[in-house]
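# Understanding the architecture of this molecule
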Amino acid sequence: CVAVLLGCLCARHHRRHGRRTGATSPSNSTQFDRYILPFRNSIRLSTSIHPAIMQIRNTAIAALCLATSVAAFAPATPAFTAKASTTTSLQSSPVSSIDLEDVKKQVVYKAGAADTEFARRFGDRVGVPVKTVGEAFSEFTAMVGFSINALYKNMVTDLVGTLHLNVVNARFQRDAVWCVGIVSALELLFKNYPEPEIRDKIVESLFKCVGMDEAEVRAEAKTITDWAAGKSKAEVEAALAGEDPSSPLHSIVTTIKGDKYWLYSRYFGLGLLKVMETVGIEMDKDEAYPVMENWMSEKLGRSSVTACNDSDMYFRIKEKLEIMETMMKEIEIREKKRMAERLEEKAEAALRAAEREEQFQAEVVAEKEEKEAAATTTTTEA
């Protein structure tokens, strides 16, 4: 059916071109012989090919149909002009240039067996089971064991998903700068979480669901923050350029520059932002952007586009969190004020109740005294 449809399209193209050029349109039988029979015959021939090549029959037919359909809508060539004396055939089509061995190799492709540096390095990971994002989130939910605050649910879901996808990537390598980034990001995002105990459980479960230990990550991050404390921007840039072998950045820089498959992730960029803040660079989007661009492209020799975008995103989220923090403080102040008013009303009500009780007791005592006085008078008279 595909061959007949393509043949009809070719015939229609030929008739239109003939009317434009004044050429006589061939008869229907001639058009059938010219455009349809070659496709039908080639398809019939494909069923008689040796069984070893039958597995690529569909691929070859698809390539033939694609080549013919493109030619049907392409500018006129000598094969489709009135002066043409040859007919379309399988031998003259682009399919004749296809190497069947190459097609067969593509059909029987085996993961990790390619003759490339990437396949030789990461081919051993073929077939290794990898958790899905859904499975990682299920483990995280089971570990937390508490309901997450509604304001933080979407953010936590995004954290689990992005962190899991980073870690399961074969090119991912955890380093101290990455650890600084993830720790500082979690501190920023959960700074105002209402329940501190649940917040700590969320962070702990987040690391566990990706196979990391929170204490180890924080210890690695501390090596960078302690080293950067008291350093200047020039000293940090020298370390990023590989000029300071004693710095904890030296091994990281060596890995980045020597491994072309090194994987950048968002938290590495956030770690660099934390280093900027530590050395006294103003934490402003416009100030941090050129520094990030220089550190990534000039010092580390990597693309700075994604890192600069992550830097801008960090400041946007930080601004939103500051607005949310202000709103939560205002809500907290209002709640405290209302609580104080309620306590004051309760105190006034208790004071009024005590006064009424005191008056009632005074009336009871007075009434008792009156009764005793009346009884004494009656006894005296008697």
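Not measured: the values here are computed from a predicted model. (Residues numbered from 1 in each chain as written. Predicted model: local features only at pLDDT ≥ 70, side-chain atom pairs only at ≥ 80, totals over all residues. Heavy atoms only, no water.)

## Here's the deal with the overall build of the protein chain
Each helix and strand in the protein chain was counted, giving 16 helices and 0 strands. A buried classification covers 31% of the 382 residues belonging to the protein chain. The contacts of the protein chain with a sequence gap of at least 6 include a subset with a gap of at least 24, amounting to 71%. Of the roughly 23,700 Å² that the protein chain leaves accessible, carbon and sulfur atoms contribute 56%. (Helix = DSSP H or I, 4+ residues; strand = E, 2+ residues; numbered from the N terminus. Buried < 20%, exposed > 50% of the residue type's maximum accessible area, 1.4 Å probe, protein only. Contact = heavy atoms within 4.5 Å. Areas by Shrake-Rupley, 256 points an atom, 1.4 Å probe, with all protein chains shown as cover.)

## Here's the deal with the packing of helix H14 (residues 266–278) against helix H15 (residues 285–299)
In the contact formed by H14 and H15, the axes pass within 11 Å of each other and the chain directions differ by 115 degrees. Here the hand of the crossing between H14 and H15 comes out right-handed. Touching Phe268, Gly269, Leu272, Leu273, Val275 and Met276 of H14 are Ala288, Val291, Met292, Trp295 and Met296, all from H15. Here the residues of the contact of H14 with H15 sort into 10 nonpolar, 1 polar and no charged. (Axes fitted to C-alpha atoms, helices over the stretch in contact; angles between N-to-C directions. Left-handed = near helix turned anticlockwise from the far one by under 90°. Nonpolar A, V, L, I, M, F, W, Y, C, P; charged D, E, K, R; others polar.)

## Details of the nonpolar core
Here is a general trend for soluble globular proteins: nonpolar side chains tend to be buried in one another's company. In this structure, Phe140, Ile182, Phe190, Ile202, Leu249, Phe268 and Trp295 are the most contacted members of the largest nonpolar core, which totals 65 residues. Take this core: its biggest share by element is 11 residues, from helix H9 (residues 176–189). The residues touching Phe268, leaving out its near neighbours within four places in the chain, are Asp175, Val177, Trp178, Ile252, Ile256, Trp262, Met296 and Leu300. (Core = buried A, V, L, I, M, F, W, Y, C linked by side-chain atoms within 4.5 Å.)

## Regarding the side chain of Asn166
With respect to the helices, strands and loops of the structure, Asn166 is situated in helix H8 (residues 153–168). Judged by relative accessible area, which is 15%, Asn166 ranks as buried. Beyond its immediate sequence surroundings of up to four residues, Asn166 is in contact with Phe172, Leu263, Ser265 and Tyr267.

## Things to note about the packing of helix H12 (residues 233–240) against H15
The contact between H12 and H15 brings their axes to 10 Å, and the two run at 30 degrees. One finds that H12 runs roughly parallel with respect to H15. The handedness of the crossing between H12 and H15 comes out as right-handed. Counted together, Lys233, Val236, Glu237 and Leu240 of H12 and Val291, Asn294, Trp295 and Lys299 of H15 form the full contact between these two elements. In the contact of H12 with H15, the residues fall into 4 nonpolar, 1 polar and 3 charged. (Parallel < 35°, antiparallel > 145°, perpendicular 65-115°, else oblique.)

## Some words on the pattern of salt bridges
Evaluated as defined, the whole model comprises 16 salt bridges. Between Glu117 and Lys260 there is a salt bridge, with the nearest N and O atoms lying 3.2 Å from each other. On the criterion of sequence distance, the pair formed by Glu117 in helix H6 (residues 117–122) and Lys260 in the loop between helix H13 (249–258) and H14 is long-range, its members being 143 residues apart. Given a relative accessible area of 44%, Glu117 falls into the partly exposed group. When the shortest N-O distance is used, the salt bridge between Arg174 and Glu216 registers 3.9 Å. Separated by 42 residues along the polypeptide, Arg174 in the loop between H8 and H9 and Glu216 in helix H11 (residues 214–228) bring together distant segments of the chain. (Salt bridge = Lys/Arg side-chain N within 4 Å of Asp/Glu carboxyl O.)

## What about a negative patch on the surface?
Taken together, the side chains of Glu282, Asp284, Asp286 and Glu287 present a region of like negative charge at the surface. Note on placement: Asp284 falls in the loop between H14 and H15. On the basis of relative accessibility, which here comes to 31%, the residue Asp284 falls in the partly exposed class. (Patch = residues over 30% accessible without salt bridge, like charges linked within 9 Å, V, L, I, M, F, W, Y side chains within 5 Å. Lys, Arg positive; Asp, Glu negative; His and termini not counted. Charge placed at Lys NZ, Arg CZ, Asp CG, Glu CD.)

## Section: helix H7 (residues 133–144)
End to end, H7 covers 16 Å across 12 residues, agreeing with the expected 16 Å (1.5 Å per residue, within 8%). When H7 is considered as a whole, its buried residues turn out to be Ala136, Phe140 and Val144. For H7, the angular spread of the buried residues around the axis is 70 degrees, confining them to a single face. Each element contacted by the buried residues of H7 is listed here: H8 and helix H10 (196–208). Immediately beyond the C-terminal end of H7, within one or two residues, lies Gly145, with a positive phi of roughly 75 degrees. (Expected span 1.5 Å × (residues − 1). Arc of directions from axis to C-beta.)

## What about the packing of aromatic side chains?
Each aromatic ring pair is summarised here by two numbers: the centre-to-centre distance and the angle between the ring planes. Considering all chains together, one arrives at 13 aromatic pairs under this definition. Residues Phe137 and Phe140 carry aromatic rings whose centres are separated by 5.9 Å and whose planes lie at 40 degrees to one another, so their mutual orientation is tilted. One end of the pair, Phe137, and the other, Phe140, are both in helix H7, 3 residues apart, so they sit about a helical turn from each other. Residue classification places Phe140 among the buried residues on the basis of a relative accessible area of 1%. (Phe/Tyr/Trp six-rings, centres within 6.5 Å; stacked < 30°, edge-to-face > 60°.)

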